Amino acid sequence: MPTEPTPRVGAVEPHPVLDAYYRDKTQRLRFVRGLFNRTAHHYDRINTIFALGSGSWYRAQCLRRAGLRPGMRVLDVAIGTGLVAREAVALCGSPDDVIGLDLSEAMLAEARRSLSIPLIQGVADALPLADSCVDLITMGYALRHVGDLTATFREFRRVLRPGGTVLVMEIGRPRRPVTRHLMNAYLGMVVPAVSRLSGGGEEGRTLMRYYWETIDQCVEPEVITTAMAAAGLAQVRCDTDYDLFKNYTGRRQSDPAT
């Protein structure tokens, strides 16, 4: 079972402690794991409600833009129920080429229902994988749940093969005031209420309230790209779609010739 890593001096956290859910950073992982364990069976239904058009076509488009093609080895971190991994398998052409990792055993069980790929329980900032073993690392809408951005990206770089790519898909706080007000109303109030009434109960409502608060309190994209560069990733960039969806990419440079 994953345990909370020892807090690092100078850790770059994706958002401050949200004391409505947990009292200090040492309780974050336990809270997040428990919340996803309790809502895994309802997660796909909730996702349909708040997807905002970012369905399978959008995930596949992001993977193609990152260069995913047959023959590549993929690690999908925070696989959840397998929404990104399913598109990766379709593009790779082989389930053996995609590995899924998640801290929640209930989410892994849900992913196993529709995917015949290797699945591992673990956390993003302490990956239980060997050095230089994958060509692409994906993370779909879960960067806000890690404990330390720099440590996470350092681990991503470690398990990437030289020339490999990181693709992190996220929902960011909109920069336009009108979009932000709309998202606050929709993700902060409408979606939690609908999630509760559609079968998710109070846990479904809590999940979506927590989702919006982590989005609203998340650090700016510049902090994330700086953490990626500090971890040793090159060609770092953040592309924005619709003033809401952020796609962070970076590469592990090829080792110098000796």
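Residues numbered from 1 in each chain as written. Predicted model: local features only at pLDDT ≥ 70, side-chain atom pairs only at ≥ 80, totals over all residues. Heavy atoms only, no water.

**Q** Teacher, can you tell me more about the pattern of salt bridges here?
**A** Two side chains with opposite charge may pair up if their charged atoms get near one another. Applying the stated criterion to the full structure yields 17 salt bridges. Where Asp131 meets Arg158, a salt bridge forms, and the shortest distance between an N and an O atom there is 2.7 Å. Of the two residues, Asp131 is situated in the loop between strand E3 (119-121) and strand E4 (134-140) and Arg158 in helix H6 (residues 149-159); the sequence distance between them amounts to 27 residues. Overall, the relative accessible area of 23% leaves Arg158 in the partly exposed class. A salt bridge links Glu220 to Arg175; the nearest nitrogen and oxygen atoms lie 3.8 Å apart. One end of the pair, Glu220, is in the loop between helix H7 (177-217) and helix H8 (221-230); the other, Arg175, is in the loop between strand E5 (160-171) and H7, with 45 residues separating them in the sequence. With relative accessibility at 33%, the residue Glu220 sits in the partly exposed group. Each of Arg173, Arg175, Glu220 and Glu222 takes part in one network of salt bridges that share partners. (Salt bridge = Lys/Arg side-chain N within 4 Å of Asp/Glu carboxyl O. Helix = DSSP H or I, 4+ residues; strand = E, 2+ residues; numbered from the N terminus. Buried < 20%, exposed > 50% of the residue type's maximum accessible area, 1.4 Å probe, protein only.)

**Q** Please explain empty space enclosed by the protein as it appears in this structure.
**A** Any empty space left between atoms is shown by rolling a water-sized probe over those atoms. If you walk through the whole model with that rule in mind, you get one cavity of 30 Å³ or more. One number sums up the size of the largest cavity: a volume of about 480 Å³. Ala78, Asp102, Gly140, Ala142 and His145 are the residues nearest the centre of the largest cavity, which is lined by 37 residues in total. Contributions of two or more residues to the lining of the largest cavity are made by helix H1 (28-39), helix H2 (43-50), strand E1 (74-77), helix H4 (83-92), strand E2 (98-102) and E4. Element by element, the count of residues in the lining of the largest cavity is highest for H1, at four residues. Partitioned by chemical class, the residues of the lining of the largest cavity number 23 nonpolar, nine polar and five charged. (1 Å grid on protein atoms, 1.4 Å probe; cavity = no way out; pocket = protein on both sides within 12 Å on 5 of 7 lines; lining within 4 Å. Points joined across faces, edges and corners; volume = space filled by probe spheres on them. Nonpolar A, V, L, I, M, F, W, Y, C, P; charged D, E, K, R; others polar.)

**Q** What should I look at first to understand the sheet that holds E2 in this one?
**A** The strands making up a sheet are joined through hydrogen bonds of the backbone, oriented either antiparallel or parallel. The mixed open sheet is built from seven strands, whose spatial order is E3-E2-E1-E4-E5-E7-E6. The open sheet is flanked by E3 and strand E6 (234-241), the only strands paired with a single partner. For this sheet, the mean inter-axis angle between neighbouring strands, taken without regard to orientation, is 15 degrees. Both E5 and strand E7 (residues 245-251) contribute to a ladder of seven bridges, which runs antiparallel. (Pairing = 2+ DSSP bridges. Axes fitted to C-alpha atoms, helices over the stretch in contact; angles between N-to-C directions.)

**Q** How should I be thinking about the pairing of E6 in this particular structure?
**A** Remark: a regular strand shows side chains that alternate across the two faces of the sheet. In terms of strand pairing, E6 meets E7 through six bridges, oriented antiparallel. Paired with Asp239 across the strands is Asn247, a residue of E7. Between E6 and the antiparallel strand that follows it, E7, lie three residues; Tyr242 among them carries a positive phi value of about 60 degrees.

**Q** Help me out: how do you make sense of the side chain of Thr249 in this one?
**A** Counting through the fold element by element, Thr249 comes out in strand E7. Note on Thr249: relative accessible area 16%, which makes it buried. Those residues within four positions of Thr249 in sequence are excluded, and the remaining contacts are Val166, Leu167, Met228, Gln235, Val236 and Arg237. (Contact = heavy atoms within 4.5 Å.)

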